[in-house]
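One letter stands for each residue in the lines below.
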Amino acid sequence: MSTVKKTKGTVKKPSVKKAAAAAAAPVAAQATAGENSHDGTEGSGVRRRDFIHIAAVSFAGVGAAAVAMPLVSQMSASADVLALASIEVDVAAIQPGQSIKSSWRKQPVFIRNLTPAEVEEANKVDVGSLRDPQTLAERTKPGKENWLITLGVCTHLGCVPLGAAAGEVKGEYGGYFCPCHGSHYDTAARIRKGPAPLNLAVPEFAFISDTVVKIG
Amino acid sequence: MVRLIAFLVGLFFSGMLLLGLGDTVITAIKEPAVPSVEAEFHEETLPVKFAHDGPLGKYDRGQLQRGLKVYSEVCAACHSLKLVSFRDFAALGYSEEQVKALAKAWKTEVPSINPETGEPATRPAIPADKIPSPFANEVAARAANNNALPPDLSLITKAREGGPAYVYSLLLGYRDQAGYKNEEGKELLKEFPEAATPAGLHFNPWFANLNIAMAAPLAADDQVTYDDGTKATKAQMAEDVSAFLTWAAEPKMENRKSAGWAALGFLLVFTVLAWMSYKTIWADKKH
Amino acid sequence: MSFPWAQEYKPQGTVSKWVDERLPLPRLVYNAVGAGYPVPRNLNYFWNFGVLAGVALVIQIVTGIVLAMHYYASVDGAFNSVEHIMRDVNSGWFVRYAHMNGASFFFIVVYIHIFRGLFYGSYKAPREMIWLLGVTIFLLMMATAFMGYVLPWGQMSFWGAQVITGFFSAIPLVGEPLRQLLLGGFAPDQAALNRFFSLHYLLPFVIAGVIILHIWALHIPGSSNPTGVSVKGEQDTVPFHPYYTAKDGFGLGIFLIFFVAVTFFAPNMLGHPDNYIPANPLSTPAHIVPEWYFLPFYAILKAFTVDFGIPFTGIIIIPAKLMGVLAMFGSILLLFFLPWLDTSPVRSGHYRPLFRKFFWYGLIPSLAILTYCGGKPPYTQWVVLSQLAAAYYFAHFLIILPIVSRIERPLPLPNSITEAVTGKPLPAAA
């Protein structure tokens, strides 16, 4: 029902309005000539008539827009997709220096247990010199600075950086390295070199117990 | 030529149909149709009213919650509800925490795999899960139910003639077949002695062929204990679970009706405007 | 291709002129459904249904494209994907119910459109081509609707596919191989579902193409009218726009009110409960019926109960099953010959007293009976009634109409449309 009205609204609406006014004018002129005897002033009839046509056509336009809304909104994430928007991960088995890849909203998430050396290295960096200035503390939870949780999606064009699995290249700054276009991330997953504009994104997360983290 | 062929074809088809008509009538006279036990003893649905009936009806949340209780404590032992997720229960008026607790406490767990060994395992349900089925597959369901398959209930009120009233009638429709008479006073076993309910089936005149594999699920009053203090009579439980299953089959009914009223109201105004526009344009033309 | 007094498209402004010289699409629209198309001034509300059918097609295409974004044509997933649309997709229930009921309303509108053509003789010269294209559209619609009904893969979907492809097995010799070709197997399964989805998506666009031809053919002689008298001069016509665009706008409002009332308040009224049960190839529903718009043809199929053969020899020339299938297809295909079966020079049923009697007291009741009996179980009374009605249906078109055209004395026709409108009133409500 929408597009009918929509096509009328978008394709024909201007012409309908104009043509209705144009065509109604002679019609109305004839009619007023006949009506003069009982309708009093000449102009009022014409204006009232135009108003009716404009009202009807604009009402159709509003209706078309109202129907178009659900026809477009159906494309956004459905209820079952949204329901999976949060996951819970048990991180007890991840040793310092190790990381795991998990999947959240069908995107990879890196959960990394930083070694004290890596934490220290991240804290040493002059934040002001970074492309996307952020401290490690800002990217982790208080008291849990060693748990670095980021999306495994390079902020350049969306590839999955290397460095989360054992044996993978970690890049020049010991964090992650995106092989697509050569972005290097440091141990706080901040962008240090290469084309990526931002640090790896930190999803909303919280520790619901000492070893279980809820992402999303 | 066209008309000649048409005439012959018409004569042929109509003639064969009239021949067939004669044949049908003769057959009907020679071998009159035998009345069937279903035709004589199958009952129309019992009268029952729901809050969600009619174009203005809305679900009664309290009733849906009671119905869920009946489903989970009685029906869910055999019947799946595959198309409904725990998260959908938020629409029954439960909070996020309550939904989570409901999912976690559900008697059947969700099939999964052991993350360490990869062996089949089960885990407690979470809100995003569909309601887990009581049987792993159809074979298991039949094996546990005397070779009858308990149907999935997700769409039962839309998949049966009569809808919720059918479910309600069926639940309350178990009768003693011995001495059973219909409204005309005909006694079933006297009229159709061969139609006695076979062993393992149960007599229910609201079921299509009168003999249902399911034993009366609502056996006695107070079979479930309602949280809101409503007296759990058999009729009350049947009504509540029918309402719940209506919601399960048509969870968007309320959105549908309210959108319908908005659309109708809008269209009424549009139609009046369009009519005025039409009459104005045609005012000078006789037609 | 139009009357000499048709208003000419005059592009205003440089852009319109620029476009008109390069691609005169606005001119085409103007001449097709704008002020450039002169239409008889006396059309009644039955003439709204052509535009409404177009609207219904657009509703189906738009909602269908949306549904195809979420549907998957797999025997394991199809049913659940439809329920996913109903439950989880944003406004999915609305789109699906609109598509489901849109099909029914498309048929309601098209049936009224055909009824108007039958009563007012719109199929007669010089409009035979419009009629032939119209019957083609109707056949394409039936194919599209049938295949669409299979897609949710419920019980009625499955058994409908089984029964309808079973028609082809009635054809001697090639029947069974042909059926296997259509289904891609021995029974409806993944192959059939996938090709039905593909064709269900394709055919509406084919229909849209034939509709363009239908309208093109219409613009050669111009629209018919309730008197059936040809247009004689400018005073007999009004420009399509604004006169009939305004009237169609009002008609659209009324149509949408009915459509919305059913879609939002009784969305499953025209459907069948069994199609909410997933397809089960091992168990047939107790009572298979097609969608309501196929019921008259289904009744004709079932009405043939005796074999055609040589009496007392047991030799069967055409078995009853094959005859039913032939008659069912024949009942639609005979419409292709209608312009040459009804030879009366008078178009409108208003001026044909004998035709009118057979139309109102014969054809319409027999179609009503066929529709009713098509949905009934095969009990004697329904079989007898549908045999009677089907016999009349064939006799009406193939025997009665040609004879009536010869012997009937039509009532005097008005001299012109304008005379009919302004002078004496029409014999019946116009």
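Residues numbered from 1 in each chain as written. Chains lettered and ligands numbered in written order. Predicted model: local features only at pLDDT ≥ 70, side-chain atom pairs only at ≥ 80, totals over all residues. Heavy atoms only, no water.

### What to know about the sheet that holds strand 8 (residues 205–207) of chain A
All names here are of chain A. Spelled out, the test is: Pairs of strands are assigned from DSSP output, requiring at least two bridges between the strands. Elements are defined by DSSP. Helices are runs of H or I of four residues or more, strands are runs of E of two residues or more, and each kind is numbered from the N terminus. Interaxial angle, 0 to 180 degrees, is taken between N-to-C directions of lines fitted to C-alpha atoms, where a helix line uses only the stretch in contact.
The strand order 1-9-8 describes an open sheet built from three strands, whose pairing is antiparallel. Strands at the two margins of the open sheet, each flanked by one partner only, are strand 1 (87–90) and strand 8. Adjacent strand axes in the sheet meet at a mean angle of 20° when their direction is disregarded. In this structure, strand 1 lies alongside strand 9 (residues 212–215), joined through four bridges in antiparallel fashion. Residue Val89 lies in a different strand from strand 9, and its bridge partner there is Val213.

### As for the packing of helix 7 (residues 155–168) of chain C against helix 8 (residues 175–183) of chain C
Packed helices, taken two at a time, are described by the angle their axes make and the gap between the axes. Residues and elements named next belong to chain C. Quick note on the threshold: Should an angle fall under 35 degrees it is called roughly parallel, over 145 degrees roughly antiparallel, and 65 to 115 degrees roughly perpendicular, with every other angle called oblique. For any pair of crossing helices, the crossing counts as left-handed if the nearer helix is rotated counterclockwise from the farther one by less than a right angle, and right-handed if it is rotated clockwise. In what follows, residue pairs with any heavy atoms lying within 4.5 Å of each other are defined as contacts.
At a minimum axis separation of 8 Å, helix 7 and helix 8 run at an interaxial angle of 140°. On the basis of their axis angle, the class for helix 7 and helix 8 is oblique. When you trace helix 7 past helix 8, the crossing you get is right-handed. On the side of helix 7, the interface is formed by Gln162, Thr165, Gly166 and Phe168, while helix 8 contributes Gly175, Leu178, Arg179, Leu182 and Leu183.

### Here's the deal with the state of the cysteines
All names here are of chain A. Threshold: Sulfur atoms of two cysteines make up a disulfide when they are within 2.5 Å. The classification of residues rests on relative accessible area computed with a 1.4 Å probe and restricted to protein chains. Under 20% of the type maximum is buried, over 50% is exposed, and intermediate values are partly exposed.
Taken as a whole, this structure holds one disulfide over all chains when the rule is applied. Paired by a disulfide, Cys159 and Cys180 hold their sulfur atoms 2.1 Å apart. Disulfide Cys159-Cys180: torsion about the S-S bond near -105°, hence left-handed. One end of the pair, Cys159, is in the loop between strand 4 (147–151) and strand 5 (174–178); the other, Cys180, is in the loop between strand 5 and strand 6 (183–186), and 21 residues separate them in sequence. Taking relative accessible area as the criterion, Cys180 reaches 39% and is therefore assigned partly exposed. In this model Cys178 remains outside any disulfide bridge; the closest cysteine sulfur is found in Cys154, 3.8 Å from its own.

### A word on the packing of aromatic side chains
So the rule is basically this: Only centres within 6.5 Å qualify two rings of Phe, Tyr or Trp (six-membered ring in Trp) as a pair; their planes then separate them into stacked at under 30 degrees, edge-to-face at over 60, and tilted for everything else. Any Lys NZ or Arg CZ that is within 6 Å of a ring centre and within 35 degrees of that ring's normal is treated as a charge sitting over the ring.
By the definition in use, this model includes 64 aromatic pairs over all chains. Seen from their ring centres, Trp282 of chain B and Tyr244 of chain C are 5.1 Å apart, and the 70° between their planes marks the pair as edge-to-face. Residue Trp282 of chain B is found in the segment after helix 10 (253–281), and its partner Tyr244 of chain C is found in helix 10 (residues 240–265); the two belong to separate chains. Tyr244 of chain C matches Trp282 of chain B in its accessibility class, with the two residues each being buried. Relative to Phe264 of chain C, the ring of Phe94 of chain C has its centre 5.6 Å away and its plane inclined at 25°; by these criteria the two rings are stacked. Placement of Phe94 of chain C in helix 5 (residues 92–119) and of Phe264 of chain C in helix 10 is noted, with a sequence separation of 170 residues between them. Owing to a relative accessible area of 10%, Phe94 of chain C belongs among the buried residues under this scheme. Seen from the ring of Tyr45 of chain C, Lys247 of chain C lies directly overhead, with NZ or CZ sitting 4.6 Å from the centre.

### A short note on the interface of chain C and chain B
Here is the rule: Put simply, buried area is the surface a 1.4 Å probe can reach on two separate parts but cannot reach once they are joined, added for both. Only one rule defines a salt bridge in this text: a Lys or Arg side-chain nitrogen within 4 Å of an Asp or Glu carboxyl oxygen. Whenever two N or O atoms come within 3.5 Å, that pair is a polar contact, provided that in protein one can donate a hydrogen and the other can accept it, and provided that, for residues adjacent in sequence, both atoms are side-chain atoms. When residues are grouped by polarity, Ala, Val, Leu, Ile, Met, Phe, Trp, Tyr, Cys and Pro land in nonpolar, Asp, Glu, Lys and Arg in charged, and all others, Gly among them, in polar.
Counting residues at the interface gives 62 residues for chain C and 57 residues for chain B. Taken together, both faces of the contact between chain C and chain B bury some 5200 Å²; the carbon and sulfur share is 74%. Among the residues of chain C in contact with chain B, Arg87, Tyr243 and Phe265 of chain C are the three that bury the most area, contributing 15% of the side total. Summed over the shared surface of chain C and chain B, the number is one salt bridge. Scanning the region where chain C abuts chain B turns up 13 residue pairs in polar contact (both at pLDDT 80 or more). Elements represented by at least two residues in the side of chain C that touches chain B include exactly helix 4 (78–87), helix 5, helix 10, helix 12 (320–333), helix 13 (338–341), helix 15 (380–407) and helix 16 (417–422) of chain C. The element best represented in the side of chain C that touches chain B is helix 10 of chain C, accounting for 16 residues. Residue classes in the side of chain C that touches chain B are distributed as 45 nonpolar, ten polar and seven charged.

### Points about helix 12 of chain C
All names here are of chain C. As a reminder, the rule being used: Expected helix span is computed as 1.5 Å times (number of residues minus one).
For helix 12, spanning 14 residues, the distance from its first C-alpha to its last is 19 Å, which sits close to the expected 20 Å at 1.5 Å a residue. In terms of burial, helix 12 is a largely internal element, ten of the 14 residues being buried. Every buried residue of helix 12 is listed here: Ala320, Leu322, Met323, Gly324, Val325, Ala327, Met328, Gly330, Ser331 and Ile332.

### What to know about the sheet that holds strand 5 of chain A
In a beta sheet, neighbouring strands are held together by backbone hydrogen bonds and run either parallel or antiparallel to one another. All names here are of chain A. Taken together, the three strands give an open sheet; going across it, the order is 5-6-7, and neighbouring strands pair in antiparallel fashion. Single-partner strands in this sheet number two, and they are strand 5 and strand 7 (191–193). Strand-to-strand twist of the sheet, defined as the mean angle between neighbouring strand axes without regard to direction, takes the value 35°. Relative to strand 6, strand 5 runs antiparallel, the two sharing four bridges. By the bridge assignment, Gly174 is partnered in strand 6 with Asp186.

### Side note on the nonpolar core
The line we're drawing: Buried Ala, Val, Leu, Ile, Met, Phe, Trp, Tyr and Cys residues that are joined via side-chain atoms within 4.5 Å together make up what is termed a nonpolar core.
Grouped together as the largest cluster of nonpolar side chains are 143 residues, with contacts concentrated most on Leu118, Phe255, Phe304, Phe394 and Phe397 of chain C. Take this core: its biggest share by element is 15 residues, from helix 5 of chain C. Within the second largest apolar cluster, 46 residues are counted, among which are Val74, Phe86, Ile156 and Leu171 of chain B.

### Observations regarding the pairing of strand 2 (residues 120–123) of chain B
Residues and elements named next belong to chain B. Looking at chain direction, strand 1 (residues 110–113) and strand 2 are connected through four bridges and run antiparallel. Within strand 2, the position partnered with Ser112 by the bridge is Ala121. Hairpin geometry of strand 1 and strand 2 is characterised by an intervening segment of six residues between the two adjacent antiparallel strands and by a positive phi of about 80° at Gly118.

### Thoughts on the packing of helix 8 of chain C against helix 9 (residues 190–219) of chain C
All names here are of chain C. The contact between helix 8 and helix 9 brings their axes to 8 Å, and the two run at 65°. Considering the angle they form, helix 8 stands roughly perpendicular to helix 9. The residues of helix 9 that touch helix 8, namely those facing Leu181, Leu182 and Leu183, are Ala191, Ala192 and Arg195.

### Points about the side chain of Ser242 of chain B
Residues and elements named next belong to chain B. Its place among the elements puts Ser242 in helix 9 (residues 234–249). Classification of Ser242 by relative accessible area gives buried; the value is 0%. In this structure, Ser242 is in contact with Phe50, Thr157, Pro164, Val167 and Tyr168, ignoring residues within four places of it in sequence.

### Some thoughts on the confidence of the model for chain C
Residues and elements named next belong to chain C. Note the following rule: pLDDT gives the predictor's per-residue confidence on a scale running from 0 to 100.
On average, residues of chain C score 94 in pLDDT, and 98% of them are at 70 or above. Mean pLDDT across the elements of chain C bottoms out in strand 3 (residues 308–310) (87) and peaks in helix 5 (98). Within the model, pLDDT remains below 50 along residues 425–430, and this stretch shows eight contacts once partners closer than five positions in the same chain are excluded. Two summary scores accompany this predicted model of the complex, namely pTM at 0.90 and ipTM at 0.94.

### Quick look at the environment of Glu161 of chain B
Residues and elements named next belong to chain B. Tracing the backbone shows Glu161 in the loop between helix 6 (156–159) and helix 7 (164–172). By relative accessible area, which is 59% here, Glu161 ends up exposed. With 58 residues separating them in the primary sequence, Glu161 and Ala219 have C-alpha atoms 25 Å apart.

### Focus on helix 7 of chain B
Summarising burial for helix 7 of chain B: nine of the nine residues are buried, a large majority. Contact partners of the buried residues in helix 7 of chain B: helix 6, strand 4 (211–212) and helix 9 of chain B.

### So, unusual backbone geometry
Each neighbour pair has its own omega, and for Ala125 of chain C with Pro126 of chain C the value is 5°, a cis peptide bond. Between His241 of chain C and Pro242 of chain C the backbone carries a cis peptide bond, its omega angle lying at 10°. Here Pro242 of chain C is to be found in helix 10. Even without being glycine, Ala189 of chain A reaches a positive phi, approximately 60°. Along the chain, Ala189 of chain A turns up in the loop between strand 6 and strand 7. Residues other than glycine seldom take positive phi values, yet Ser91 of chain C does so here, at roughly 60°. Within the secondary structure, Ser91 of chain C is located in the loop between helix 4 and helix 5.

### So, the pattern of salt bridges
Residue and element names in this part refer to chain B. Enumeration according to the criterion identifies 28 salt bridges over all chains in this entry. One salt bridge connects Lys186 with Glu40, and the closest N-O pair in it is separated by 2.9 Å. Of this pair, Lys186 sits in the loop between helix 7 and helix 8 (188–191) while Glu40 is found in helix 2 (residues 37–41), placing the two residues 146 residues apart along the sequence. Judged by its relative accessible area of 26%, Lys186 falls in the partly exposed class. Taking relative accessible area as the criterion, Glu40 reaches 24% and is therefore assigned partly exposed.

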